[in-house]
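Inside the fold
Here is what each chain is made of, one letter per residue.
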Amino acid sequence: MCGIVGYTGFQDAYEIVINGLRRLEYRGYDSAGIVLDKDDKSFAVAKTKGKVDDLVGISEDLKGIAHVGMGHTRWATHGVPSDRNSHPHLSNDKKIAIVHNGIIENYDTIKTMLIGKGFTFQSETDTEVLVNLVQYFMDIDYTLSFPEAVRSALNEVYGAYAITVMHEDYPGILIVGRLGSPLAIGLGDKEYFIASDASPFVEFTKEAIYLEEGHMATISLENGVEIRSIKDNEKIT
Ligand code: GLU
């Protein structure tokens, strides 16, 4: 099972994400990680095998540096529990970060294709393949926006996933997608929360959208929550 937490708003993203991960600990996990989109528009990443407390032990200097971020508790399916295999994973160009619950069944075929195109991998996970597939789509078609590239990548994979993705060149934006793993979006006043269930954000808002199967959402303070179907890009109202 394991968990995902995300935040974009005006509060300290580190506190929201770490406290949210603690609320998801009951789901079971072997590693934990966090990525923050710093106000200078670069990523800060910390991740480790072990507990959320271990993550806090290596990341307390990230307190108060960002208003956007996401975190993950991992239950290893592809690759042993280790610091390197922990999430978040970054794309080769280091601009895209992903957290993922679930399994990408056809990761091996895609990994072989990406290695053929010059991509390299730091972990044994299926997840790192997906984030590099997003980069690949942005690299081969410069007109493709970040949300379009995520959608294209998701249409190439099968398996089960709940994902949250961030891009350094799209500050303040979180993209989520879901197929076979739960994901909820909490709607606050000038802030949005993402979590595997509502427990990380109930203290902040009672309003939530439970993302439906095969849907993705682009979430930003400017444009709110825009939901589309992954398959045919249909806008969901
Ligand atoms: N398959 C991914 C991995 O092994 C995600 C596992 C999870 O759901 O935490 O890293």
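Here's what I pulled together on the structure shown here. Just so it is clear, the model here is predicted, and its values are computed rather than measured. (Residues numbered from 1 in each chain as written. Predicted model: local features only at pLDDT ≥ 70, side-chain atom pairs only at ≥ 80, totals over all residues. Heavy atoms only, no water.)

Observations concerning the site of the ligand
The ligand sits among 14 residues. The nearest are R74, T77, H87, G102 and D126. Between G102 and the ligand, the recorded distance is 2.8 Å, taken from a backbone N or O atom to a nitrogen atom. In isolation the ligand offers 300 Å² of accessible surface; the protein chains occlude 98% of this area. Of the residues forming the shell around the ligand, the biggest block, 3 residues, is contributed by strand β6 (residues 96–104). Class assignment of the residues belonging to the shell around the ligand gives a composition of 3 nonpolar, 9 polar and 2 charged. (Near = heavy atom within 4 Å. Polar contact = N/O pair within 3.5 Å; in protein donor to acceptor, adjacent residues only side chain to side chain. Areas by Shrake-Rupley, 256 points an atom, 1.4 Å probe, with all protein chains shown as cover. Helix = DSSP H or I, 4+ residues; strand = E, 2+ residues; numbered from the N terminus. Nonpolar A, V, L, I, M, F, W, Y, C, P; charged D, E, K, R; others polar.)

Some words on helix α2 (residues 52–59)
Looking at α2, one finds that the buried residues are V52, L55, V56 and S59. Buried residues of α2, viewed axially, fall in a sector of 100°; they line one side. Structural note: α2 exposes D53 and G57 on the side pointing more than 90 degrees away from its buried face. The inward-facing, buried residues of α2 contact α1 (13–23), β2 (31–38), β3 (43–49) and β4 (66–74). (Buried < 20%, exposed > 50% of the residue type's maximum accessible area, 1.4 Å probe, protein only. Arc of directions from axis to C-beta. Contact = heavy atoms within 4.5 Å.)

Observations regarding α1
Three or more residues of α1 are buried, namely A13, Y14, I16, V17, I18, G20 and L21. Where the residues of α1 are buried, they touch β1 (3–8), β2, α2, β4 and β10 (192–195).

A word on the pairing of β3
Here 7 bridges tie β2 to β3, and the two strands are oriented antiparallel to one another. Among the inter-strand pairings, A32 is bridged to a residue of β3, identified as T48. Taking the residues between adjacent antiparallel strands as the criterion, β2 and β3 are bridged by 4 residues, where K41 takes a positive phi near 70°. (Pairing = 2+ DSSP bridges.)

Side note on the pattern of salt bridges
In total, this model carries 9 salt bridges according to the counting rule given. For R27, the salt bridge is made with D197, and the minimal N-O distance between the two is 3.6 Å. On the criterion of sequence distance, the pair formed by R27 in the loop between α1 and β2 and D197 in the loop between β10 and β11 (208–210) is long-range, its members being 170 residues apart. A relative accessible area of 9% places R27 in the buried class. With a shortest N-O distance of 3.6 Å, E124 and R84 are connected by a salt bridge. (Salt bridge = Lys/Arg side-chain N within 4 Å of Asp/Glu carboxyl O.)

Topic: the packing of helix α3 (residues 107–116) against helix α4 (residues 127–140)
Contact geometry for α3 and α4: axes closest at 10 Å, N-to-C directions at 45°. Between α3 and α4, the angle is such that the two are oblique. In this structure, α3 crosses over α4, and the sense of that crossing is left-handed. In contact with Y107, I110, K111, M113 and L114 of α3, α4 contributes V129, N132, L133 and Y136. (Axes fitted to C-alpha atoms, helices over the stretch in contact; angles between N-to-C directions. Parallel < 35°, antiparallel > 145°, perpendicular 65-115°, else oblique. Left-handed = near helix turned anticlockwise from the far one by under 90°.)

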